[in-house]
Amino acid sequence: MRILPLLCALLLLMLQGAAGLSLPPGMPEACEHRGGFCSRGSCPPGIGRVGICSEQEFCCRSRWYP
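Named according to an unreviewed UniProt entry, the chain is GLL5 protein originating from Eurystomus gularis.

Next up, the structure:
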């Protein structure tokens, strides 16, 4: 019975973490959550494209981001 409160706390932490990862692709918030930024047209030199923010913007992120 002592483990039940610990399991409930762990379950709540997992649900909170999953809520932050549930952003649909194509939203600027999803890009920022991945450690990137939105850039119109193309990404700057040395920066990789990792997704889409909108029809005209790409999600860009440094290749050295952890």
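After that view, the rundown keeps rolling.
A.B. asks: Give a detailed account of the state of the cysteines, specifying residues and quantitative values.
C.D. replies: The full count for this structure, using the stated rule, is three disulfides. Across the disulfide from C38 sits C53; the S-S distance is 2.1 Å. A torsion of -85° about the S-S bond marks the disulfide between C38 and C53 as left-handed. Of the two residues, C38 is situated in strand 1 (residues 37-40) and C53 in the loop between strand 2 (47-52) and strand 3 (57-62); the sequence distance between them amounts to 15 residues. Judged by its relative accessible area of 27%, C38 falls in the partly exposed class. Sulfur-sulfur distance for the disulfide between C43 and C60 comes to 1.9 Å. With the S-S dihedral at roughly -85°, the linkage between C43 and C60 falls on the left-handed side. With C43 in the loop between strand 1 and strand 2 and C60 in strand 3, the pair connects residues that are 17 residues apart, well separated along the chain. Like C60, C43 is buried. Along the chain, the cysteines engaged in disulfide bonds are linked according to the scheme 1-5, 2-4, 3-6 when indexed in sequence order.

A.B. asks: Please give an account of a nonpolar patch on the surface that cites residues and values.
C.D. replies: A contiguous nonpolar surface patch, about 320 Å² in accessible area, is contributed by I3, L6 and L7. Judged by relative accessible area, L7 falls into the partly exposed class, the value being 47%.

A.B. asks: So, the environment of R34: which residues are in play, and what are the values?
C.D. replies: By the element assignment, R34 lies in the loop between helix 2 (28-33) and strand 1. Between the C-alpha atoms of R34 and R61, which are 27 residues apart in sequence, the distance is 8.3 Å. Among the polar contacts made by the side chain of R34, one reaches the main-chain carbonyl oxygen of V50 at a distance of 2.8 Å.

A.B. asks: Just give me the short version of the sheet that holds strand 3, but keep the residues and values in it.
C.D. replies: Spatially, the three strands line up as an open sheet ordered 1-3-2, and their pairing is antiparallel. For this open sheet the edge positions go to strand 1 and strand 2, each flanked by a neighbour on one side alone. On average, each strand axis in the sheet is inclined to that of its neighbour by 50°, with strand direction left out of account. By the bridge criterion, five bridges tie strand 2 to strand 3 in an arrangement that is antiparallel. Directly across from G48, in strand 3, lies its bridge partner R61.

Rules of the game
Residues numbered from 1 in each chain as written. Predicted model: local features only at pLDDT ≥ 70, side-chain atom pairs only at ≥ 80, totals over all residues. Heavy atoms only, no water. Disulfide = S-S within 2.5 Å. Helix = DSSP H or I, 4+ residues; strand = E, 2+ residues; numbered from the N terminus. Buried < 20%, exposed > 50% of the residue type's maximum accessible area, 1.4 Å probe, protein only. Patch = residues over 30% accessible without salt bridge, like charges linked within 9 Å, V, L, I, M, F, W, Y side chains within 5 Å. Areas by Shrake-Rupley, 256 points an atom, 1.4 Å probe, with all protein chains shown as cover. Salt bridge = Lys/Arg side-chain N within 4 Å of Asp/Glu carboxyl O. Polar contact = N/O pair within 3.5 Å; in protein donor to acceptor, adjacent residues only side chain to side chain. Pairing = 2+ DSSP bridges. Axes fitted to C-alpha atoms, helices over the stretch in contact; angles between N-to-C directions.

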